[in-house]
Amino acid sequence: MLKTVRNTDKELYEIIKEELARQRTGIEMIASENFVPAEILELQGSILTNKTAEGSPGKRYHAGCGVIDKSEILGIERAKKCFGAGHANIQPNGGSSANECVYTAVLKPGDTVLAMDLAMGGHLSHGHKINFSGRTYKFIHYGSKKDTETIDYDQVERLAKEHRPKLIVAGASSYPRFIDYERFSEIAKSVDAYFLVDMAHVAGLVAGGVHPNPVPHADFVTATTTKTLKGARGGFILCKKEYADKIDKAVFPGVQGGPILQTMAAKAFTFKIAMSDEFKEYAKQVIANAKTLANELENRGFRIVSGGTDNHIVLVDVRSKGLTGAELDQALEYAGITVNKNMIPFDPSSPMVTSGVRIGTAAMTSRGMKEAEMVEIAKLIGMVAQNIDNKAVLDDVKERAVAMSKKFPLYKDYIEE
Ligand SMILES: *Cc1c(COP(=O)(O)O)cnc(C)c1O
């Protein structure tokens, strides 16, 4: 790859080479990241980028769309089959954009929406005041219970009855537990609200059959192909057939312009492999790895938020080590292990400091790591936490992290070294 760029733009070529080296030698534990199959890289670099195709297959605003319609239809049909949905729109450019499209389909500016608080594990696009969502709609937020650190469903019900939202949103970006979609659906029905599940993080686990599928319970489901699905950077929407027209019109012309055709082809590929036996094995391993990591960290004196995990996320309270999330995040990055500082429920620290780190197992599982490697990673994280100011120890951890990462090669022929 990059044979032409190498000759015409040396600066960019060198940057990509440097980033490839970083990816090849690091331990990537950021929960929203993954390593895509080589096919995704090829498809995203394909000639499909040359076409403009506003509208939906068969209903385009430009001529010459007959061929690329086949690719989008393939992706739509595979998405429907993969998740058992009545309708799919695979045009959204990302998860935030997919949410914007659903909001546009069913809400008017100023309407009330009930969603999870960002500080409790929600997402910016679930009504944060600096985000388009919070600026356009009136969001009310629910959170977790102090004792269990799991969603307070009684609070959800109480707030729904009190505020009568037009839409209820379930789904999170740093929530390590299954969400009771049935309970949410009952609450939404009881107040006559639409129900949206944002499964951005867990879509790959749903496809792999190791996480409850929200599709039967929700009016709308949004997701990214990026995270546990290990596909292209992009989003998609699933819904009941009766909302197909509403959703398609909200995506275009409501929110977006021409879709990114090469990315849609990559999404179609992702939905195909997400239905394979190999992918089921991967999904199972992601969870097994997360459970092992949580246990091992707990054994090393870290407090695990909610006491464990059901998915690919381990949320760690690092105050048990006398640290802040920012301090551990920085030290781990120095030592070649990337995680992210993250708020924990009822966090007394600010979002730039935090009391926690969020650790995810999807990316390194894609590289082939199993339980034994998770035990080793927990050990390295423990060493870093105990020796945060000891450069010699951090350098030693870095050496070990690089050696470990190199045992699981990445994109062998991408750039010859
Ligand atoms: C990551 C995420 C998104 C946003 O996806 P982008 O593709 O980054 O826009 C939306 N919702 C949730 C819950 C997420 O975790």
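Residues numbered from 1 in each chain as written. Predicted model: local features only at pLDDT ≥ 70, side-chain atom pairs only at ≥ 80, totals over all residues. Heavy atoms only, no water.

Within an unreviewed UniProt entry, the label attached to the protein chain reads 2-methylserine hydroxymethyltransferase, and the organism entered is Peptoclostridium litorale DSM 5388. What UniProt states about the protein chain under its Pathway (unreviewed entry) heading is, verbatim, "One-carbon metabolism; tetrahydrofolate interconversion." What UniProt states about the protein chain under its Cofactor (unreviewed entry) heading is, verbatim, "pyridoxal 5'-phosphate". (UniProt positions renumbered as here; feature names shortened; annotations may be inferred.)

## What about the UniProt feature "modified residue: N6-(pyridoxal phosphate)lysine" (unreviewed entry) in the protein chain?
Mapped onto the present numbering, the UniProt feature "modified residue: N6-(pyridoxal phosphate)lysine" (unreviewed entry) falls at Lys227. Topologically, Lys227 is positioned in the loop between strand E9 (220–224) and strand E10 (235–239). For Lys227, a relative accessible area of 13% gives the class buried. Those residues within four positions of Lys227 in sequence are excluded, and the remaining contacts are Ser32, Asn34, Ala200 and His201. (Helix = DSSP H or I, 4+ residues; strand = E, 2+ residues; numbered from the N terminus. Buried < 20%, exposed > 50% of the residue type's maximum accessible area, 1.4 Å probe, protein only. Contact = heavy atoms within 4.5 Å.)

## Quick notes on the sheet that holds strand E14 (residues 340–342)
Pairing is antiparallel in the open sheet, where four strands are placed in the order E11-E12-E15-E14. Two strands lie at the open edges of the sheet, namely strand E11 (303–304) and E14, each paired on one side alone. As paired elements, E11 and strand E12 (residues 313–317) share two bridges and run antiparallel to each other. Pairing of Ile304 across the sheet is with Val316, part of E12. (Pairing = 2+ DSSP bridges.)

## Quick notes on the site of the ligand
Neighbouring the ligand are the residues Gly94, Gly95, Ser96, His123, Ala172, Ser173, Asp198, Ala200, His201, Thr224 and Lys227. Within the contact set of the ligand, an oxygen atom lies 2.9 Å away from a backbone nitrogen or oxygen of Ser96. Protein burial of the ligand: of its 380 Å² of free accessible surface, 82% is covered by the chains. Classifying every residue of the shell around the ligand gives two nonpolar, seven polar and two charged. (Near = heavy atom within 4 Å. Polar contact = N/O pair within 3.5 Å; in protein donor to acceptor, adjacent residues only side chain to side chain. Areas by Shrake-Rupley, 256 points an atom, 1.4 Å probe, with all protein chains shown as cover. Nonpolar A, V, L, I, M, F, W, Y, C, P; charged D, E, K, R; others polar.)

## Here we look at the layout of surface pockets
Space inside the largest pocket adds up to approximately 810 Å³. Along the wall of the largest pocket there are 30 residues; nearest its centre are Glu19, Arg22, Gln23, Asn34 and Phe35. Taken together, the elements giving at least two residues each to the lining of the largest pocket come down to helix H2 (10–25), strand E1 (27–28), helix H3 (38–44) and helix H16 (391–406). The element that contributes the greatest number of residues to the lining of the largest pocket is H2, accounting for seven residues. Of the residues assigned to the lining of the largest pocket, the class counts are 13 nonpolar, 10 polar and seven charged. Taken domain by domain, the lining of the largest pocket gets at least three of its residues from each of domain 1 (42–274) and domain 2 (282–406). (1 Å grid on protein atoms, 1.4 Å probe; cavity = no way out; pocket = protein on both sides within 12 Å on 5 of 7 lines; lining within 4 Å. Points joined across faces, edges and corners; volume = space filled by probe spheres on them. Domains from an automatic or database assignment.)

## Overview of unusual backbone geometry
In this model, Phe252 is joined to Pro253 through a cis peptide bond whose omega is 10 degrees. Looking at the secondary structure, you find Pro253 in helix H10 (residues 244–255). Of note in the backbone geometry, Tyr411 takes a positive phi value of approximately 45 degrees without being a glycine. Mapped onto the fold, Tyr411 is located in the segment after H16.

## Let's talk about helix H4 (residues 66–83)
The terminal C-alpha atoms of H4 lie 26 Å apart, and with 18 residues this matches the ideal 26 Å at 1.5 Å per residue to within 8%. Of the residues making up H4, those classed as buried are Ile68, Asp69, Ser71, Glu72, Gly75, Ile76, Ala79, Lys80, Cys82 and Phe83. Elements in contact with the buried residues of H4: strand E3 (59–60), strand E4 (87–89), helix H9 (203–207), E10 and helix H11 (261–273). (Expected span 1.5 Å × (residues − 1).)

## Brief notes about a nonpolar patch on the surface
On the surface, Leu118, Leu124 and Ile130 cluster together into a nonpolar patch covering about 260 Å² of accessible area. Inspection of the secondary structure assignment puts Leu118 in the loop between strand E5 (112–116) and helix H6 (132–136). Owing to a relative accessible area of 32%, Leu118 belongs among the partly exposed residues under this scheme. (Patch = residues over 30% accessible without salt bridge, like charges linked within 9 Å, V, L, I, M, F, W, Y side chains within 5 Å. Salt bridge = Lys/Arg side-chain N within 4 Å of Asp/Glu carboxyl O.)

## Quick look at the UniProt feature "domain: Serine hydroxymethyltransferase-like" (unreviewed entry) in the protein chain
Within the UniProt annotation, "domain: Serine hydroxymethyltransferase-like" (unreviewed entry) is assigned to residues 6–381. Taken end to end, residues 6–381 is 43% helix and 15% strand, and its first and last C-alpha atoms sit 37 Å apart.

## Some details on empty space enclosed by the protein
Enumeration over the complete set of coordinates arrives at two cavities of 30 Å³ or more. Volume-wise, the largest cavity comes out at about 100 Å³. In terms of lining, the largest cavity is formed by 15 residues, of which the most central are Ala172, Tyr175, Ile179, Val202 and Asn311. Considered class by class, the residues forming the lining of the largest cavity number eight nonpolar, five polar and two charged. Counting contributing residues, the lining of the largest cavity receives three or more from each of domain 1 (42–274) and domain 2 (282–406). Taken together, Ile90, Gln91, Pro92, Asn93, Arg233, Gly234, Ile260, Thr263, Met264 and Lys267 form the lining of the second largest cavity. Residues that form the lining of the second largest cavity fall into these classes: four nonpolar, four polar and two charged.

## Some details on the pairing of strand E15 (residues 356–360)
Most of E15 sits inside the fold, with five of its five residues counted as buried. Both faces of E15 are covered, namely the face carrying Gly356, Arg358 and Gly360 and the face carrying Val357 and Ile359. Where E12 and E15 come together, five bridges link them in antiparallel fashion. Residue pairing in the sheet places Val314 in a bridge with Ile359 of E15. Looking at chain direction, E14 and E15 are connected through three bridges and run antiparallel. The residue bridging Asn342 from the neighbouring strand is Gly356, located in E15.

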